[in-house]
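Here is what each chain is made of, one letter per residue.
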Amino acid sequence: MSISARMMVEGLVISLLIAWFSASPPREYLSQIGPYWAVFPCSFCALICGVVFWAQSKLTDHHEEKLKDGSTKPKSTERPAEFKKFQNQWLAVYLITMLADWLQGTHMYTLYTSYQQPAGTLFAIGFSSSAVFGTFLGLLVDKHGRRLGCIIFCVLELVINALEHVNDFPLLILGRVLGGLSTSLLFTAFESWMVSEHRRRGFPEEWIGETFALAQMGNGLAAVAAGVLAQVTADRLGDIGPFQLAMALTLLALVLIVVSWEENYGCNDPKSQGEIKDQGGLLSGALHCIIGDTKVLLLGLIQSLFEGGMYTFVIMWVPTLARCVPGSELPAGEPDWPKFSPGQGWIFSAMMLCITIGGELLAGVLKLANAELGCAVVFTAAAAAMLVPAAAPGSFQSVLMAFLVLEVCVGAYFGGMATMRSRLLPDGLQASVMNLFRAPLNVLVIAGASAGDHWAPPSVFSAVAASFALAAALQVVLLVILRRGADADAPLD
């Protein structure tokens, strides 16, 4: 039987399995594991995730069969051992770090609530810190070393997680200020180190996208594991349990960085060497890069709009679902924390499975089209998803489904945006430009956190949908510019 025929038969069997699971789920068994309203979505997302992985493998087999038939020009997909070693070296540290970061995110809102501290205020302080100090961190990372930036990130995370153990508002504020610094390092130093090291070792540019796709797929799996591990540790140790596990993982990442990574700097890039002789040169070079290149400016605006809406969603999703959790006997619109808490980890894992699905879908899209076109579709779908909680905030199933769709979009976004940044940003100024991008992003997130305290949830989600829609419009503009100038590496047809 040919691969194509085998794909059709297996696809039919899988479709029947999904239909059966959807129509007649094993309710009694799932209810024994945890709240049915949380375990079933997680199980269903795990099933869909497996289907997506199966489809990807079959499409690869189909492509190889065509190559054997001679209908397509052969193109080797084998990567040298040296590249695989480098890729695995970076992915190991990155995924351990992201697992630790996800563990903190699962129960941070509920931890602050149990402390009877203003969670929204603490979140806003963290993003304000990132907006104020993050701009200069990128300059320091490019000048003094990306590896050093990653080491400092790990040290900061150890201090932050230690502070989370103390129910003292000033110390929690200090933790959030340091958290703003560490967040800026997390989303700039690690990526900048990999891109620079990739180029320094002479690997082809198109392989960068493959590494980012694997990173996003692995990031989704790490987040799924974080949801389960967070629930287990929280059940045994309380809401502080996930933070204690995060400390152990951060220490492991720190050891791996110190032992296995070499240092690299922004000044290694000949395109920007003349502009980064000092701290002022780094800042002026980054500003000139943004203002002087319409494509880079659009990229920064798109990133700020999408991630601003995304982080506002991160702040809003827990209280939104807690307000409409099934079986709640509290008045409408009031969060039922005791009812929602047992299923929070399962819901988080379901969302993270969707991020994995998005990362895997991105890998497939990059084989057929380019990241710029894929992101335009992603932003449009994200905007449509956020209209659901804006229109029907009291329907748990509808709201949860919309949140899961958004997480699929987020999974595709991170890999796609990282690929676009690697194409459009100069290597020597990458961390500096990326942190300048984060300044308007954090302003939007602070506004979102404030809106969450003062606006009704439907109004907040309407604003998030508008932010995603504007990002989609600007992405189309960027796509048109790239088509006209033929600046993208991948074909845009």
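Up top you'll find the structure we're talking about.
Report follows, based on the coordinates. Keep in mind it's a predicted model, so treat the numbers as computed, not measured. Note that residues are indexed from 1 along each chain, following the sequence as it is written. The predicted origin of the model limits local features to residues at a pLDDT of at least 70 and limits the giving and counting of side-chain atom pairs to 80 or more, whereas totals for whole chains, interfaces and linings rest on all residues. Excluding hydrogens and water, the side-chain figures rest on all heavy atoms present in the structure.

1. Description of the packing of aromatic side chains
When the centres of two rings from Phe, Tyr and Trp lie within 6.5 Å, Trp using its six-membered ring, the rings pair. Their planes under 30 degrees apart give stacked, over 60 give edge-to-face, and anything left gives tilted. Counted under the stated rule, the structure contains 24 aromatic pairs. Relative to phenylalanine 203, the ring of phenylalanine 83 lies with its centre 5.1 Å away and its plane at 75 degrees, an arrangement referred to as edge-to-face. Remark: phenylalanine 203 occurs in the loop between helix H8 (189-200) and helix H9 (206-237) and phenylalanine 83 occurs in helix H4 (residues 81-114); sequence separation between them is 120 residues. Secondary structure is summarised from DSSP: a helix means a run of H or I of at least four residues, a strand means a run of E of at least two, and numbering begins at the N terminus for each.

2. Here's the deal with the packing of helix H12 (residues 294-323) against helix H17 (residues 457-485)
In this analysis, axes come from line fits to C-alpha atoms, helices being fitted only over the stretch in contact, and the angle between any two N-to-C directions falls in the range 0 to 180 degrees. Taken N-terminus to C-terminus, the directions of H12 and H17 make an angle of 155 degrees; their axes are 9 Å apart at the nearest point. Put simply, H12 runs roughly antiparallel to H17. Seen from above, H12 lies across H17 with left-handed handedness. Amino acids are sorted into nonpolar (Ala, Val, Leu, Ile, Met, Phe, Trp, Tyr, Cys and Pro), charged (Asp, Glu, Lys and Arg) and polar (every other residue, Gly among them). For the contact of H12 with H17, the per-class residue count stands at 21 nonpolar, 6 polar and 2 charged. Orientation is classified from the angle alone, with under 35 degrees giving roughly parallel, over 145 giving roughly antiparallel, 65 to 115 giving roughly perpendicular, and any other angle giving oblique. Take the far helix as the reference: if the near one is turned anticlockwise from it by less than a right angle, the crossing is left-handed, and if turned clockwise, right-handed.

3. Considering the pattern of salt bridges
Think of a salt bridge as a Lys or Arg side-chain nitrogen and an Asp or Glu carboxyl oxygen that are within 4 Å of each other. A complete count under the given rule lists 9 salt bridges for this structure. The salt bridge partner of arginine 176 is glutamate 164, with a shortest N-O separation of 3.3 Å. Of this pair, arginine 176 sits in helix H7 (residues 169-186) while glutamate 164 is found in the loop between helix H6 (146-163) and H7, placing the two residues 12 residues apart along the sequence. Buried means the residue's accessible area, taken with a 1.4 Å probe over protein chains only, is under 20% of the maximum for its type, while exposed means over 50%, and partly exposed covers the values in between. According to the relative accessible area criterion, arginine 176 is buried, its value standing at 10%. Given a relative accessible area of 2%, glutamate 164 falls into the buried group. For glutamate 191, the salt bridge goes to arginine 421, with nearest N and O atoms at 2.6 Å. Here glutamate 191 is found in helix H8, whereas its partner arginine 421 is found in helix H15 (residues 396-424), with 230 residues between them in sequence. In the salt-bridge network here, residues are joined through shared partners; they are Glu197, Arg200, Arg201 and Glu262.

4. A short note on the packing of H6 against H8
At a minimum axis distance of 8 Å, the contact between H6 and H8 shows a crossing angle of 150 degrees. Taken together, the axes of H6 and H8 lie roughly antiparallel to each other. When you trace H6 past H8, the crossing you get is left-handed. Of the residues in H8, those touching H6 at Arg146, Arg147, Gly149, Cys150 and Phe153 are Ala189, Phe190, Ser192, Trp193 and Ser196. The residue makeup of the contact of H6 with H8, split by class, is 5 nonpolar, 3 polar and 2 charged. Any two residues whose heavy atoms approach within 4.5 Å are treated as being in contact.

5. Things to note about unusual backbone geometry
For glutamine 116, which is not glycine, the phi dihedral falls at a positive 60 degrees. Structurally, glutamine 116 can be placed in the loop between H4 and helix H5 (119-144). Note on glutamine 116: relative accessible area 73%, which makes it exposed.

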